[in-house]
Amino acid sequence: MRRRIHMTVGLLLVSMLFVLMLVSLFYTPYEPNAMRIADRLSGPSASHWLGTDNFGRDLLSRSMVGTQTAFLVGAASVAIGAAGGLLVGSLAGYAGKWADELLMRATDALLAFPGILLALLLVSVFRPSLLQTILAIGILFVPSFARVVRSGVLQQREADYVRAVRGFGAGHVNVLFVQILPNIASSIITTAALSFSTAILIEAALSYLGLGVQPPDPSWGRMLNESQTYLSAAPWFTLAPGVLITISVLGFNLLSDGIRDARDVRA
Amino acid sequence: MAGAKPSGGETVLEVRDLRLELSAKDGARLPVLEDVSLKVGRGEIVGIVGESGCGKSVLSLSVLGLLPSSIRVAGGGIYNGERKELHRLGEKSLQRIRGKEIAMIFQDPMTSLNPGMTVGKQVAEAIRLHTGASKREAEEKTVGLFRKVGLPRPESLYREYPHRLSGGMRQRVMIAMAVSCQPDLLIADEPTTALDVTIQAQILKLMKKLREEDGTSILLISHDLGLISGVCDRIAVMYAGRIVEEGAAAEVLRQPAHPYTAGLLASLALPSKKGTRLHSIPGSVPALRERGPGCAFASRCPYAADRCLAEKPALRGVAGSAFPRSAACHLLGEEGGLANVGS
């Protein structure tokens, strides 16, 4: 029963955010970048459900569009990390010996960097932008995916069914990607869900520092930064992005817990 | 006992003087198989009998080049029907042969199937590996194969995962996969050891059917003499990495020429022996490092003489048999020697 709660709540939160994002693609109450100085820093009201920021921009609209950034960065960076990790991990796990040594030492080196610092490094070398953010975070994720894939492949490589299918003439590529992959998919998905929340956090941190998404495009992290100055005057300004970040991270973490529990029960 | 004669006609597999060596951790090269020669003709069912550790599984793995890296071919050769040297082939060429010309099924159907794929998809994948069939064609062929091997409701079974099938059904799926490309030879390594006796009989029946209908040759490997006697045309008895006796199943089983074969037969628990003490061969198979210069069975043989401890007996023809027959025993020296070992 407890296991089901994780999955259910996680799924609920993530779906809510997803729906919010979908809606924002077609409709937001106001133009997210439209400034109405007359209404600046007004609290939650019938016309602005979440209030306005220091430029009079509608917080609800900006938060909704921020969801797009969050999902985009999350999905894209996880995709990059997973693809890279898959390549590295399966090569290391399957080929073994020196390939394994080489690749794993390289990923260890990458892992030794604190995540945020690495992202900062990569992003500040070039002009900060959404693409840079995504790439940086994606590279950050390669080691954790590589480890998961490698241990899965190492384990499955010795299985009887691998020997049997090789006996039917399957080549190494077929064995790796057609036979072994489905059996390690669930651990990859768990890592993916977990990484998604990390991606959102790192993006928020980068934007907070001014290195991620550039103004005037909305991003939760940037909104947090902007709201800092007005913390006492307009506390609701901080609330919107802060709560959204919390909900997304919580949602994806719970989801990944739920997936992991579901997999254990079945296996 | 199966009464079919060994077929004249073409050879589907020939193993000649095969020697396999294991590279041990301390660098020693230990012989796992020595002077092993075997022929399987078209449509023949040949059985290999022996205890655990006699090398029968390693023999089958070596045919398809599936040996672990620690074991190497140190002498002799393996040839297919077209006289191709299988032991010299590279991985790519071997892949073309595996499953297409020579197919293999393993002991435990529980673990030999991929748990993450439906059984239908696995067989279809195997088909597409060797033919250019489309997904749809492979699916249809798979359903047909399932029907042929006697699986119920083939269309719905296609979408099931292995863990939902019983052991007997899984082994049938393996067999379906194995014969999907109509191989000349099917190697079955202990195919029924993990199954109930009743299912065993069904699988054997299926194998005979495959031989009748498609002319598939079968190399059946087992430690179970009862199983072997039920279906094989010819038998080879292995002990400690060598073939010690070989010939038509009916003759070998009725009147064994080698003391080991005789011992195996005497150890069978038959209903007729009810109430009497079960016979067993004293001692155990010598370990790889302990094999001395003489016959490996000498330490356990009731007829052992001084010569047996000093000199390894070569396979010699046994006189007075209707079909080609040989055994490796010094007792055979003078005239067949059959009279020296009881049944």
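Residues numbered from 1 in each chain as written. Chains lettered and ligands numbered in written order. Predicted model: local features only at pLDDT ≥ 70, side-chain atom pairs only at ≥ 80, totals over all residues.

Considerations on the pairing of strand β7 (residues 217-222) of chain B
All names here are of chain B. Burial within β7 is extensive, with 6 of its 6 residues counted as buried. Burial along β7 is two-sided: the face carrying Ser-217, Leu-219 and Ile-221 and the face carrying Ile-218, Leu-220 and Ser-222 are both buried. Two elements, strand β3 (residues 45-49) and β7, share 5 bridges in a ladder whose sense is parallel. Note on β7: the bridge partner recorded for Ile-45 is Ile-218. Bridge count for strand β6 (residues 185-189) against β7 is 5 bridges, and the pairing is parallel. Bridged to Asp-189 within β7 is Ile-221. You can see the chain leave β6, run along helix α8 (residues 197-214) and come back into β7, and the turn it takes is right-handed. (Buried ≥ 20, exposed ≤ 12 C-beta atoms within 10 Å, placed from the backbone. Helix = DSSP H or I, 4+ residues; strand = E, 2+ residues; numbered from the N terminus. Pairing = 2+ DSSP bridges. Right-handed = clockwise from strand over helix to strand, strands pointing away.)

Here's the deal with the sheet that holds strand β1 (residues 11-23) of chain B
The strands making up a sheet associate through backbone hydrogen bonding, with each pair oriented either parallel or antiparallel. Residue and element names in this part refer to chain B. The 3 strands lie next to each other as β2-β1-β4, forming an open sheet whose pairing is antiparallel. Where the open sheet ends on each side, the last strands, each with one partner, are β2 (29-41) and β4 (71-80). In this sheet, adjacent strand axes meet at a mean angle of 5 degrees when their direction is disregarded. Alignment of β1 against β2, held across 9 bridges, turns out to be antiparallel. The residue of β2 that forms the bridge with Glu-14 is Lys-39. (Axes fitted to C-alpha atoms, helices over the stretch in contact; angles between N-to-C directions.)

Focus on the interface of chain A and chain B
Residue-level contacts link 16 residues of chain A with 23 residues of chain B. Counting residues per element, the ones that place at least two in the side of chain A that touches chain B are α6 (160-167) and α7 (172-208) of chain A. Among the elements that make up the side of chain A that touches chain B, the one with the highest residue count is α6 of chain A (7 residues). Residue classes in the side of chain A that touches chain B are distributed as 8 nonpolar, 5 polar and 3 charged. (Contact = placed C-beta atoms within 7 Å. Nonpolar A, V, L, I, M, F, W, Y, C, P; charged D, E, K, R; others polar.)

Description of the environment of Gln-182 of chain B
The residue Gln-182 of chain B is located in the loop between α7 (167-179) and β6 in this model. In sequence terms Gln-182 of chain B and Lys-100 of chain B are 82 residues apart; their C-alpha atoms lie 6.8 Å from each other.

Focus: helix α11 (residues 259-267) of chain B
Most of α11 of chain B sits inside the fold, with 7 of its 9 residues counted as buried. Where α11 of chain B is buried, its residues touch α9 (225-231), β8 (234-239), β9 (242-248) and α10 (249-254) of chain B.

Details of unusual backbone geometry
All names here are of chain B. One non-glycine residue, Arg-153, adopts positive backbone phi at about 45 degrees. Note that Arg-153 resides in the loop between α5 (135-148) and α6 (154-157). One non-glycine residue, Glu-190, adopts positive backbone phi at about 50 degrees. Note on placement: Glu-190 falls in the loop between β6 and α8.

Concerning the packing of helix α4 (residues 115-125) of chain A against helix α5 (residues 130-157) of chain A
Residues and elements named next belong to chain A. Contact pair α4 / α5: the axes reach a minimum separation of 9 Å and the direction vectors enclose 140 degrees. One finds that α4 runs oblique with respect to α5. Judged by the sense of rotation from one axis to the other, the crossing of α4 with α5 is right-handed. Contacts from Gly-115, Leu-118, Ala-119, Leu-122 and Val-123 in α4 reach Gln-132, Thr-133, Leu-135, Ala-136, Ile-137, Ile-139 and Leu-140 in α5. When grouped by side-chain class, the residues that make up the contact of α4 with α5 number 9 nonpolar, 3 polar and no charged. (Parallel < 35°, antiparallel > 145°, perpendicular 65-115°, else oblique. Left-handed = near helix turned anticlockwise from the far one by under 90°.)

Comments concerning the sheet that holds strand β5 (residues 102-105) of chain B
Residues and elements named next belong to chain B. With mixed pairing, the 8 strands of this open sheet are ordered in space as β5-β6-β7-β3-β8-β9-β11-β10. Each end of this open sheet is capped by a strand with a single partner; those strands are β5 and β10 (316-317). Of the pairings in the sheet, the one linking β3 to β8 comprises 4 bridges and is parallel in character. Across the sheet, residue Val-49 finds its bridge partner in β8, namely Val-237.

Describing the packing of α7 of chain B against α8 of chain B
The description of two packed helices rests on the angle between their axes and on the distance between the axes. All names here are of chain B. Relative orientation of the contacting elements α7 and α8 amounts to 15 degrees, with a least axis distance of 10 Å. Judged by the inter-axis angle, α7 sits roughly parallel to α8. Pair α7 / α8 crosses with right-handed handedness. Between α7, through Gly-167, Gly-168, Gln-171, Arg-172, Ile-175 and Val-179, and α8, the contact on the second element is made entirely by Ile-199, Gln-202, Ile-203, Leu-206 and Leu-210.

So, the domain arrangement of chain B
Residues and elements named next belong to chain B. In terms of domain boundaries, chain B breaks down into domain 1 (11-101 + 183-340) and domain 2 (112-181). For domain 1 versus domain 2, the distance between C-alpha centres works out to 30 Å. The greatest single-element share of the side of domain 1 that touches domain 2, amounting to 5 residues, is contributed by α8. In the side of domain 1 that touches domain 2, the residues fall into 9 nonpolar, 3 polar and 1 charged. (Domains from an automatic or database assignment.)

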